[in-house]
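Topology and contacts: notes
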Protein chains: 12
Amino acid sequence: MAKRVLVLNGPNLNMLGMREPEIYGRDTLADIRSACAAFCEAQGWSLDFRQSNAEGELVSWIQEARGRVDAVVINAAAYTHTSVAIHDALHLLDCPIVEVHLSNIHRREPFRHHSYISSVATGVIVGFGAKGYLLALAALEAG
Amino acid sequence: MAKRVLVLNGPNLNMLGMREPEIYGRDTLADIRSACAAFCEAQGWSLDFRQSNAEGELVSWIQEARGRVDAVVINAAAYTHTSVAIHDALHLLDCPIVEVHLSNIHRREPFRHHSYISSVATGVIVGFGAKGYLLALAALEAG
Amino acid sequence: MAKRVLVLNGPNLNMLGMREPEIYGRDTLADIRSACAAFCEAQGWSLDFRQSNAEGELVSWIQEARGRVDAVVINAAAYTHTSVAIHDALHLLDCPIVEVHLSNIHRREPFRHHSYISSVATGVIVGFGAKGYLLALAALEAG
Amino acid sequence: MAKRVLVLNGPNLNMLGMREPEIYGRDTLADIRSACAAFCEAQGWSLDFRQSNAEGELVSWIQEARGRVDAVVINAAAYTHTSVAIHDALHLLDCPIVEVHLSNIHRREPFRHHSYISSVATGVIVGFGAKGYLLALAALEAG
Amino acid sequence: MAKRVLVLNGPNLNMLGMREPEIYGRDTLADIRSACAAFCEAQGWSLDFRQSNAEGELVSWIQEARGRVDAVVINAAAYTHTSVAIHDALHLLDCPIVEVHLSNIHRREPFRHHSYISSVATGVIVGFGAKGYLLALAALEAG
Amino acid sequence: MAKRVLVLNGPNLNMLGMREPEIYGRDTLADIRSACAAFCEAQGWSLDFRQSNAEGELVSWIQEARGRVDAVVINAAAYTHTSVAIHDALHLLDCPIVEVHLSNIHRREPFRHHSYISSVATGVIVGFGAKGYLLALAALEAG
Amino acid sequence: MAKRVLVLNGPNLNMLGMREPEIYGRDTLADIRSACAAFCEAQGWSLDFRQSNAEGELVSWIQEARGRVDAVVINAAAYTHTSVAIHDALHLLDCPIVEVHLSNIHRREPFRHHSYISSVATGVIVGFGAKGYLLALAALEAG
Amino acid sequence: MAKRVLVLNGPNLNMLGMREPEIYGRDTLADIRSACAAFCEAQGWSLDFRQSNAEGELVSWIQEARGRVDAVVINAAAYTHTSVAIHDALHLLDCPIVEVHLSNIHRREPFRHHSYISSVATGVIVGFGAKGYLLALAALEAG
Amino acid sequence: MAKRVLVLNGPNLNMLGMREPEIYGRDTLADIRSACAAFCEAQGWSLDFRQSNAEGELVSWIQEARGRVDAVVINAAAYTHTSVAIHDALHLLDCPIVEVHLSNIHRREPFRHHSYISSVATGVIVGFGAKGYLLALAALEAG
Amino acid sequence: MAKRVLVLNGPNLNMLGMREPEIYGRDTLADIRSACAAFCEAQGWSLDFRQSNAEGELVSWIQEARGRVDAVVINAAAYTHTSVAIHDALHLLDCPIVEVHLSNIHRREPFRHHSYISSVATGVIVGFGAKGYLLALAALEAG
Amino acid sequence: MAKRVLVLNGPNLNMLGMREPEIYGRDTLADIRSACAAFCEAQGWSLDFRQSNAEGELVSWIQEARGRVDAVVINAAAYTHTSVAIHDALHLLDCPIVEVHLSNIHRREPFRHHSYISSVATGVIVGFGAKGYLLALAALEAG
Amino acid sequence: MAKRVLVLNGPNLNMLGMREPEIYGRDTLADIRSACAAFCEAQGWSLDFRQSNAEGELVSWIQEARGRVDAVVINAAAYTHTSVAIHDALHLLDCPIVEVHLSNIHRREPFRHHSYISSVATGVIVGFGAKGYLLALAALEAG
């Protein structure tokens, strides 16, 4: 089935590849978008790939996705740990939601160990760098 | 006295009525606006009724209300539990502030039990669904 | 419909109006009873208004209300924060229960921030002084 | 030996069988009293079976038991979790004390997981419904 | 000046002298009453000395003291650690309040280390057995 | 009905009777087995009575019990407080599960106050020494 | 490159498919093994797929893997939350380690929210049922 | 050396001077901007002075500063205590960062005692009112 | 009997009467010394009255008291809350120890609510200002 | 106005420059004293610059400053985190107090994150190395 | 006297010397066994030196030691922090027990700071690498 | 090699042997000094053995040891649990540091379970009484 997939990226992910490659890898967000696009094209899926530094904008994009997309992949970055608003917005969706993190957040500061996204996500993929996005898309495949 | 009332609604309240009616009821935000407008008209009050998904926009609206409104009714939704910025903005006002929640937040997840709004509000009304807005307006009546 | 309403008041509320008007207001409990009686009479409802300093007596009154009243308004005062027994008694009722507090308990000592009543109440009204009782009764109106 | 047994029941246990049979079972307190009486009669023991909603009354009954009964079975219900006073009264007794709970309190709300009774009881029997009282009496048998 | 003194004793203090003399001493409550009476008589003060196992009764006695006594000495026993109701009742008084404990509660179980009475008392006297009551009375002397 | 009962004993219970009789009593595990056997024989039940020091072995025995026994009595000893694996294994069973402890664990070190077994057990019997096993078996009787 | 992959399964995973399919899905461990074998065969990798209920055995298997396998996929089940020993054993390996959980552990009991495995794993995949194992293997692919 | 300095101000700082001068002083944000401008001009530095109520906008401004400014002075106000996103954005910069607070946050509510900014700042200046900004600029001077 | 009494005063008590009379009263330490001297003289007791700002000096004075004094009255002031060393020194004494505080420490900052002295003191007297020292001496009287 | 300034340094600051220059910088305490002296001379102020390893000595120096100095700059080093006695001594002063730390204590061990000095200081300057002392002096300038 | 000494080693200690020599040193477990054997031979003592990855096996070995050995040296490794079962087994012994750790566990992760062994050990030796075993044996020498 | 060893003893250790021999043993500090001296003499080492009740003096002695001693053995007694200043002083040394405690602090009050010394010590020896000092010296031997 032709899926419509929304991939959402939170604050500072537009800066990817500029610093701390030992934590986040050397890929830029454009690289990740390309890889996701290639994957989706191969599947015959459509892709909507976005990034925002604003919590409210992310909330609005999730609301707009309601009834219009078949799956959401979300790396909420810093808002993962602080945003009840994104939690509530995701809770309004009926489609599968995959949470992704580039770095292994369980190896980092304690304030990154709790996620407000996980409890409303279908599943979580953590620590595989840019490849994590492709694993998230693979998780959405039938079967 | 003809009051100028500002009713503020936080993130995801624009989605009201679309999901989980057992928690939030079946009323939409437009229904609530209509009910509030009817109440205010009957009282001879003016009503400014707004909703935003953005914390910063809510902060700005509260700042602008300073000296221009006679009372604020606020359902900050998810920001209730995370926003020191809205707490600080409300603290700058001199008029009565009524905090409203549609659902009984004390029956829900622990992270919804604490409110940054309550300590700067005059009073709090929780758990009466859409009717809670009218009770909030009634609380502003003289006597 | 003619409702039978029970209004219950917990310890020290019989002393209302005697001290700390800046926290509790100047109304006495007799004043509040009169205002409630007037409201109920206007609605064609019957009112049973009581106060007790004894946790066990409050528990017994709640038990006796089972099947005999259509709604309970309760300001459990100090027992709000310590009484699992009142929590359990209220849990046995099928009718709406409105929790009321005269002062804004969220602005006071930390031990007043938790309520054993809220999780078995329909809704909660906090911080409006004597007027809070009338808002509670209004919350019971149809529609 | 002919034992004198006191069975004490705390707040709301007089309402047993009226609600939430999936938690507390369908037996009424009268049913439990009958079963205990039958057990005691078979053993040649005397039974004093009481219930109170008042913490102070329970404390007084325990005090009066001092030197007059050979064993106490107590289901302090809600006071289990809040009453230091009952803890202290039981501590004054020299005879065996068996704590009973109808429901498995460890499967319920966190505030029901701690008991002020357990640390002054000989033993604790939890989760067997009305049968728990008979197990408590059986625990008092010689050998 | 001829003071009117109210000495209040909480739950289980009527059992004093019956058990655990190494914690509470060998004096009975009647012994303490006699010693207090002798002290007051020597000062030309009147004494009202009471004990109750019921939290609500203690609350009512404190309320009745308002405007009728010049000082309160209170050993709330177990209710020291659990009663917000007694805290609130004492808070309504204008006269000096002395909190007394027979044993050194800081050497006992952790749940005895916090007192709801201390924050509304003038001062606290702990660990001197029956003599603590006389020190409390002495603390009320002029100068 | 002829029940098949499995009685499981955790680490160090094979050492029973060797030390600290004031905590655990003087009975050996063989004594307890005999008493249980006598009880079961009288009921016409079969008994499988085992002990292991290995968490994994206890898990495997519980798994094997699935569909083959009608009830489990378990004293998991030290693993009570640390084993999520035993919790999960018991959760797979459909039959009644009775948790037993020889000593009153609520009077001992804080790390013995929490049990991973209780939340998957039907009921819990604590503090009656060897007799607790017989009470557990009695709890399984019809009626 | 022909990888040698070790897939380790912890306690109770041998019971998969027998209960709670809404949490763990309907696949049995044999089904998962088959799917993994198919994936590995397609890649030209060798697969060693094991399950144990014993913490010590899992530790030994991990030790033996040192220098003999190119990657480890581990679903430690209950030991995820309690085993420092498995944490330490994994820490001795130099190859990639992928932690897998069938269910979304962040939606379950609080004691399942912390993992001793995550901080020594390369990445974590949670909530995708049996498919999570294949995603884990995919995560090991070059590129 | 001619420095390019970015001074960032968080939510509600545009309201400075309007309320609570005993906490924040009487200076307006325009006054502070003028004082900073004078200081920078005297040093031959350029100044970019901004304020926003929106977390996302502050994040974006910090990102844009990367490689374009030689130092950042930031008073994140309420976001100091809640924003992981600003923490992460600042972490991407290579230049000195000085955190400023007008009031002594350690004398205020507990939720103002923790700062997400401090751990990525070079240094922190707290409690000197408007003068704190000049001290922050002085801290950037060579030597 | 002629007692030898040591009265020890901790840091900053030499500044008594200089500031915050609403907390500590207007008496200077010299005033308190005079009052204590008068009391002791009347009893025929000897008095050694000292003050030090140094924790180590207080420890040494307590050590020297061993076998040379019949009672210690100690107001350790700030060291009350931080000094295990003074706790340990007092623990070496065999004579009665009375802890005194001028102010009611339970009404002050949370860090003043815990005392390392109380658990090694005979009794504690709190909140009576300078008079507390005399009550402490009175507590040492026979009978 | 000619200010009299007291600069106090706590334990181990006499060792400055000997180890861990990456944390504390390369300046010795003598260097800092010289820089402070130069600053004060330029202002026409007198400087009293001291260091002590003894908590009690620091307390005494603060007491002696009462009425004799116009401002205190204090780097209490390790005592920052443990000394209620220094907190109390500083609380007795009427003049401005500036707390200084060489390193950014918020980036170090958790036990260095809390300061007993901050709540009695006018302001706090953290993380600027030796320069922090000069910023503290600058903070004392008029205007 | 000829002692019989049992030296027990917990999980992963069989891997000693293979990784992280900066934490555990370069000695293998065989090296440690040799050193212990040499020490015991010199003393005329017998040595039983064992290692296991299985908690249950360690428990059984400790049980078997009862009455058969004169002292136990135990490095429980990871089980130090999680095993109540080993705690209970050691508690059954009457002989001296010395707890050893190769690394200084107080410098490592917080979950390694608590030991279930320490409270049943005679003494503890931490941080001296392989030499710690010899110090433990030396601690067992007479005098 | 001829080592210069400094042995430091904290508060109240000068009282050793006077009380609680069941906790600390019967040896006096002079006995321990003699034993240490004998050990050092046998090794050809010099010994500097000191005791102080003053935290600041201990800090100064540690500072003076820098570059003048080859090893430090320290029993900081009560300051173990409260002194960041001693922690910081020890951190400035480059030589081995052995922490010693006479009693097994893990069997005592919770406030003795944490040590500020351990994280800057090479190793820790606990619970062997006076012999612990000799084990500490033995730990310093080559090999």
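Here the residue numbers are simple positions, counted from 1 along each chain's written sequence. All chains are assigned letters beginning at A, and all ligands numbers beginning at 1, according to the order in which they are written. Given that this is a predicted model, residues contribute local features only at a pLDDT of at least 70 and side-chain atom pairs are listed and counted only at 80 or more, while totals for whole chains, interfaces and linings are drawn from all residues. Hydrogens and waters are ignored; side-chain quantities use all the structure's heavy atoms.

Our focus in this paragraph is the sheet that holds strand E5 (residues 123-126) of chain I. To summarise the sheet geometry, strands pair through backbone hydrogen bonds and adopt either a parallel or an antiparallel arrangement. In this analysis, strands are considered paired if DSSP registers two or more bridges between them. Only DSSP runs of H or I covering at least 4 residues are called helices, and only runs of E covering at least 2 are called strands; the numbering of each starts at the N terminus. An order of E2(E)-E1(E)-E3(E)-E4(E)-E5(E)-E5(I)-E4(I)-E3(I)-E1(I)-E2(I) is seen for the 10 strands of this open sheet, with the pairing classed as mixed. Edge positions in the open sheet fall to strand E2 (46-51) of chain E together with strand E2 (46-51) of chain I, since each of these has one partner strand only. Shown here is a sheet whose adjacent strand axes are inclined to one another by a mean of 15 degrees, direction ignored. Sheet analysis places strand E1 (residues 4-9) of chain E next to E2 of chain E, joined by 6 bridges and oriented parallel. Each residue of the ladder has a partner; that of asparagine 9 of chain E, found in E2 of chain E, is glutamine 51 of chain E. The contact criterion used is simple: two residues touch if any of their non-hydrogen atoms lie within 4.5 Å. Angles shown run from 0 to 180 degrees and are taken between the N-to-C directions of axes, each axis being a line fitted to C-alpha atoms and, for helices, limited to the stretch in contact. Where helix H3 (residues 55-65) of chain E meets the sheet, it contacts E1, E2 and strand E3 (71-75) of chain E, and its direction lies at approximately 170 degrees from that of E1 of chain E.

Facing 17 residues of chain H, the contacting portion of chain B comprises 17 residues. Buried area counts how much accessible surface, traced with a 1.4 Å probe, disappears from two parts once they are put together, with both parts' losses summed. When the buried surface of chain H facing chain B is broken down by residue, Asn12, Met15 and Arg19 of chain H rank first, second and third, together holding 38% of it. Between Lys or Arg on one side and Asp or Glu on the other, a salt bridge is scored when a side-chain nitrogen of the former is within 4 Å of a carboxyl oxygen of the latter. At the junction of chain H with chain B, the criterion picks out 1 salt bridge. A salt bridge links arginine 112 of chain H to aspartate 88 of chain B; the nearest nitrogen and oxygen atoms lie 2.9 Å apart. Any pair of nitrogen or oxygen atoms within 3.5 Å is treated as a polar contact; in protein, a donor-acceptor pairing is required on top of that, and neighbouring residues in sequence qualify only through side-chain atoms on both sides. Inspection of the chain H/chain B interface yields 7 residue pairs in polar contact (both at pLDDT 80 or more). Class assignment for the residues of the side of chain H that touches chain B results in 7 nonpolar, 5 polar and 5 charged. Under this grouping Gly is polar, as are all residues other than the nonpolar Ala, Val, Leu, Ile, Met, Phe, Trp, Tyr, Cys and Pro and the charged Asp, Glu, Lys and Arg.

Taken as a whole, the largest pocket holds about 1,100 Å³ of empty space. In this structure, the largest pocket is lined by 47 residues; those nearest its centre are His113 and His114 of chain H together with His106, His113 and His114 of chain J. Going through the elements one at a time, helix H4 (84-91), strand E4 (97-101) and strand E5 (123-126) of chain H together with helix H4 (84-91), strand E4 (97-101) and strand E5 (123-126) of chain J are the ones with two or more residues in the lining of the largest pocket. The residue makeup of the lining of the largest pocket, split by class, is 17 nonpolar, 18 polar and 12 charged. With a 1 Å grid laid over protein atoms only, a set of points is called a cavity when a 1.4 Å probe fits there but cannot get out and a pocket when it is open yet has protein on both sides within 12 Å along at least five of seven lines; lining residues have an atom within 4 Å of a point. Grid points are joined across faces, edges and corners, and a volume is the space filled by probe spheres set on the points.

With that settled, consider the pattern of salt bridges. Applying the stated rule across the entire model yields 68 salt bridges over all chains. Put simply, Asp88 of chain A together with Arg108, Glu109 and Arg112 of chain B are held in one network by salt bridges that share partners.

With that settled, consider the arrangement of the chains. When C-alpha atoms are compared, chain E and chain F, though not in contact, are closest at a spacing of 12 Å. In this structure chain H stays clear of chain L, and the shortest span between their C-alpha atoms is 21 Å.

With that out of the way, let us pick up the relation of the copies chain H and chain B. You can overlay chain H on chain B at an RMSD of 0.0 Å; the transform is a turn of 120 degrees with a shift of 0.0 Å along its axis. In short, the pair behaves as if placed about a three-fold rotation axis. Of the interface residues in chain H, just 12% have counterparts in chain B that sit at the interface too, so the contact is made through distinct surfaces. Least squares is the method for superposing the copies, and the C-alpha atoms it fits come from residues with pLDDT of at least 70 in both.

Let's shift gears to the sheet that holds strand E1 (residues 4-9) of chain C. Reading across the sheet, the 10 strands line up as E2(B)-E1(B)-E3(B)-E4(B)-E5(B)-E5(C)-E4(C)-E3(C)-E1(C)-E2(C) and stay open at both edges, with mixed pairing between neighbours. Of all strands in the sheet, those bounded by a partner on one side alone are strand E2 (46-51) of chain B together with strand E2 (46-51) of chain C. Here the strands of the sheet are splayed against their neighbours by 15 degrees on average, with no regard to which way each runs. Summarising the sheet, strand E3 (residues 71-75) of chain C and strand E4 (residues 97-101) of chain C pair through 3 bridges and their orientation is parallel. Residue pairing for E4 of chain C: valine 72 of chain C is matched across the bridge by isoleucine 97 of chain C. Of the strands in this sheet, E1 and E2 of chain C are in contact with helix H2 (residues 29-43) of chain C, which crosses E2 of chain C at around 165 degrees.

In the Ramachandran plot, alanine 77 of chain D falls in the positive-phi region, its phi being about 50 degrees despite a non-glycine side chain. The class of alanine 77 of chain D is buried, set by a relative accessible area of 16%. Positive phi, close to 75 degrees, is recorded for asparagine 12 of chain K, a residue that is not glycine. Think of it in three bands: with a 1.4 Å probe and only protein chains considered, a residue is buried below 20% of the maximum accessible area for its type, exposed above 50%, and partly exposed in between. Using a relative accessible area of 8% as the deciding quantity, one classes asparagine 12 of chain K as buried.

It is worth spelling out helix H2 (residues 29-43) of chain D at this point. All names here are of chain D. What a helix should span is 1.5 Å times the count of its residues minus one. With 15 residues, H2 extends 21 Å between its outermost C-alpha atoms, agreeing within 8% with the 21 Å of an ideal straight helix rising 1.5 Å per residue. Restricting attention to buried positions, one finds in H2 the residues Leu29, Ile32, Cys36, Phe39 and Cys40. Buried residues of H2 fall within an arc of 95 degrees about the axis and therefore sit on the same side. Across from the buried face of H2, at angles greater than 90 degrees, the exposed residues are Glu41 and Ala42. The elements touched by buried residues of H2 are strand E1 (4-9), strand E2 (46-51) and helix H5 (131-140). Phi turns positive, to about 75 degrees, at glycine 44, one or two residues after H2. The arc under discussion is defined with respect to the helix axis, by the directions toward the C-beta atoms.

What follows is about the confidence of the model for chain A. Of all residues in chain A, 99% have pLDDT values of 70 or greater, and the mean over the chain is 95. Interface confidence for the predicted complex, given as ipTM, is 0.95, next to a pTM of 0.96. Per residue, pLDDT measures the predictor's confidence, with a range of 0 to 100.

Looking now at the pairing of strand E5 (residues 123-126) of chain G. With burial as the criterion, each face of E5 of chain G is covered, one bearing Gly123 and Ile125 of chain G and the other bearing Val124 and Val126 of chain G. Note that strand E5 (residues 123-126) of chain A and E5 of chain G share 3 bridges and pair antiparallel. Following the sheet pairing, isoleucine 125 of chain A is matched in E5 of chain G by isoleucine 125 of chain G. Taken together, the 4 bridges between strand E4 (residues 97-101) of chain G and E5 of chain G define a ladder with parallel strand orientation. Each bridged residue has a counterpart across the sheet, and for glutamate 99 of chain G the counterpart in E5 of chain G is valine 124 of chain G.

This part covers the interface of chain B and chain C. Contact residues are listed per partner, giving 23 residues for chain B and 23 residues for chain C. Carbon and sulfur atoms supply 56% of the area buried between chain B and chain C, which totals about 1,700 Å² over both sides. When residues of chain B are sorted by the area they lose upon contact with chain C, His106, Phe128 and Lys131 of chain B head the list and together hold 29% of the total. Summed over the shared surface of chain B and chain C, the number is 0 salt bridges. Where chain B meets chain C, there are 16 residue pairs in polar contact (both at pLDDT 80 or more). Of all the secondary-structure elements, those providing two or more residues to the side of chain B that touches chain C are strand E5 (123-126) and helix H5 (131-139) of chain B. Considered class by class, the residues forming the side of chain B that touches chain C number 12 nonpolar, 8 polar and 3 charged.

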